[in-house]
Amino acid sequence: MKQLRIGVIGTGRMGRAHLERLCTAATGCRVTAVSASRHGEETAAAFGVPLVLSPEALIDSPETDAVLVTSPGESHAAYVLACIERGKPVFCEKPLAPDSAACREILDAECAAGRRLVQTGFMRRFDSHHAELRELLAKGGLGRALMVHATHRNPDNAGFTDELQIMDAAIHALDALPWLLGGDRITDCLALHGTSAACVGERQRDPMLLLFRTASGVLMDLEVFSHCRYGYDIACEIVCEKGTAALPPSSSVVVRECSARRVREYDIWHERYRHAFTAELQCFVRNARQGAAGGPSAWDGYAACAVGEACLRSLESGIWETVDYGEQPALYAE
């Protein structure tokens with residue numbers, strides 16, 4: 001097949017990073033159009049993209065075979081639905097939609113189309129360390145998983161709110177943790193908070209501690225801290241019957257010098273998951289060239305959103321909240 005012609009909607013920090021990967025690292029594709037509210041012409045020129053279009057024109061264009069949606073989260077659902085209507089594979093950065101009701105509309109549209117067209121941007125599934133951890137657990141040598149301890153820390157998410165803390169940052173873990181356990185679905189959530197970091201004042205509850213119970217009874221805790229200051233730090237340890245397994249530290253080479261030991265922490269997400277981002281885009285290109293989608297599905301985007309909403313309810317109620325997934329359509333049965 002000829003190269004897949006991709007249109008990119010949104011060229012902010014994430015969009016521009018994906019655009020660069022498509023132009024320099026991914027194979028079997030080329031970017032033919034971008035759509036951006038600001039600096040569209042400048043971005044197109046920088047990457048040699050021939051067309052700058054409105055989102056609607058980009059999706060409709062005969063020069064567009066598939067679409068990347070990397071615009072602000074509240075706009076995702078409309079663009080994804082338009083792509084499904086036109087039968088074009090679409091990669092959508094998380095969140096799939098701002099709420100589970102909008103995610104359900106996407107599921108209904110995809111089911112009506114009769115095939116998967118949506119890949120949701122959960123890049124941790126493409127990270128080699130996460131994949132190795134999942135495979136190790138699946139082999140069963142450590143026995144059953146009993147507990148999970150996880151951390152998601154960002155150095156400074158300026159302008160974040162409680163909702164963004166869960167639906168934009170923690171949502172990666174809300175997808176990855178059940179996936180690591182082989183699809184052990186989260187059933188209940190409890191969101192706790194105490195003293196917030198001085199830099200956020202009263203505008204955000206940061207850090208938070210999120211507790212989860214899964215269908216098999218595994219208890220999980222997730223610390224989410226959006227202003228840790230020192231770097232980007234993702235950690236996960238799974239406690240099993242016969243031992244534990246954990247992701248390696250998110251740091252660089254250890255340097256010993258002048259009676260001291262130092263490491264440089266990752267400063268932002270795109271450095272920590274550089275190879276995973278490229279792998280997820282290559283997965284999208286490979287499947288989109290066949291007119292379909294693979295990788296994390298629209299259902300996975302919906303499920304993470306449903307868990308996030310339960311966390312937000314718990315943050316206000318102070319009690320355990322049940323996650324309501326509703327019926328899973330046959331299209332997404334594994």
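A brief report on the enclosed structure follows. What you are looking at is a predicted structure, and each value in this text was computed from that prediction instead of being measured.

**Regarding the pairing of strand β4 (residues 66-69)**
Moving residue by residue along a regular strand, the side chains alternate between the two faces of the sheet.
Here is step 1 of the chain: The alternating pattern of β4 places Ala66 and Leu68 on one face and Val67 and Val69 on the opposite face, and all of these are buried.
Here is step 2 of the chain: As paired strands, strand β1 (residues 4-9) and β4 are joined by four bridges and run parallel to one another. Within the sheet, the bridge partner assigned to Gly7 lies in β4 and is Val67.
Here is step 3 of the chain: Relative to strand β5 (residues 90-93), β4 is paired through three bridges, and the arrangement is parallel. Of the residues in β5, the one forming a bridge with Val69 is Cys92.
Here is step 4 of the chain: Between β4 and its parallel partner β5, the chain crosses via helix α4 (residues 76-85), and the hand of that crossover is right-handed.

**Topic: the pattern of salt bridges**
Here is step 1 of the chain: One pass over the structure, following the stated rule, counts 17 salt bridges.
Here is step 2 of the chain: Two residues, Asp156 and Arg229, come together in a salt bridge whose shortest N-O distance is 3.7 Å. With a gap of 73 residues between them, Asp156 in the loop between β7 (145-153) and α7 (162-180) and Arg229 in the loop between β10 (219-225) and β11 (233-240) connect regions that are remote in the sequence.
Here is step 3 of the chain: Because the salt bridges share partners, they merge into one network encompassing Arg5, Glu63 and Asp65.

**Examining the packing of aromatic side chains**
Here is step 1 of the chain: The full count for this structure, using the stated rule, is three aromatic pairs.
Here is step 2 of the chain: A centroid spacing of 5.9 Å and a plane angle of 65° characterise the contact between Phe91 and Phe284, whose relative ring orientation is edge-to-face. Remark: Phe284 occurs in helix α9 (residues 274-288) and Phe91 occurs in strand β5; sequence separation between them is 193 residues. Per residue, the accessibility class of Phe91 equals that of Phe284, and both read buried.
Here is step 3 of the chain: Look at Tyr232 and Tyr273: their rings are 6.3 Å apart centre to centre, the planes differ by 85°, and that puts the pair in the edge-to-face class. Note that Tyr232 is positioned in the loop between β10 and β11 and Tyr273 in the loop between α8 (269-272) and α9, a separation of 41 residues in sequence.
Here is step 4 of the chain: For Tyr232, a relative accessible area of 2% translates into the label buried.
Here is step 5 of the chain: Assessed through its relative accessible area of 1%, Tyr273 is described here as buried.
Here is step 6 of the chain: The ring of Trp320 has Arg213 lying over it, and the distance from NZ or CZ to the ring centre is 3.9 Å.

**Observations concerning the side chain of Lys88**
Here is step 1 of the chain: On the secondary structure map, Lys88 appears in the loop between α4 and β5.
Here is step 2 of the chain: Within the local environment of Lys88, its side chain forms a polar contact with the backbone oxygen of Ile59, the two atoms lying 2.6 Å apart.
Here is step 3 of the chain: Among the polar contacts listed, one links the side chain of Lys88 to the backbone oxygen of Ser61, at a separation of 2.9 Å.
Here is step 4 of the chain: If we ignore the near neighbours within four places in the chain, the residues touching Lys88 are Ile59, Asp60, Ser61, Thr64, Asp65, Cys83 and Leu117.

What counts, and where the lines are drawn
- Residues numbered from 1 in each chain as written.
- Predicted model: local features only at pLDDT ≥ 70, side-chain atom pairs only at ≥ 80, totals over all residues.
- Heavy atoms only, no water.
- Buried < 20%, exposed > 50% of the residue type's maximum accessible area, 1.4 Å probe, protein only.
- Helix = DSSP H or I, 4+ residues; strand = E, 2+ residues; numbered from the N terminus.
- Pairing = 2+ DSSP bridges.
- Right-handed = clockwise from strand over helix to strand, strands pointing away.
- Salt bridge = Lys/Arg side-chain N within 4 Å of Asp/Glu carboxyl O.
- Phe/Tyr/Trp six-rings, centres within 6.5 Å; stacked < 30°, edge-to-face > 60°.
- Lys NZ or Arg CZ within 6 Å of the ring centre and 35° of its normal.
- Polar contact = N/O pair within 3.5 Å; in protein donor to acceptor, adjacent residues only side chain to side chain.
- Contact = heavy atoms within 4.5 Å.

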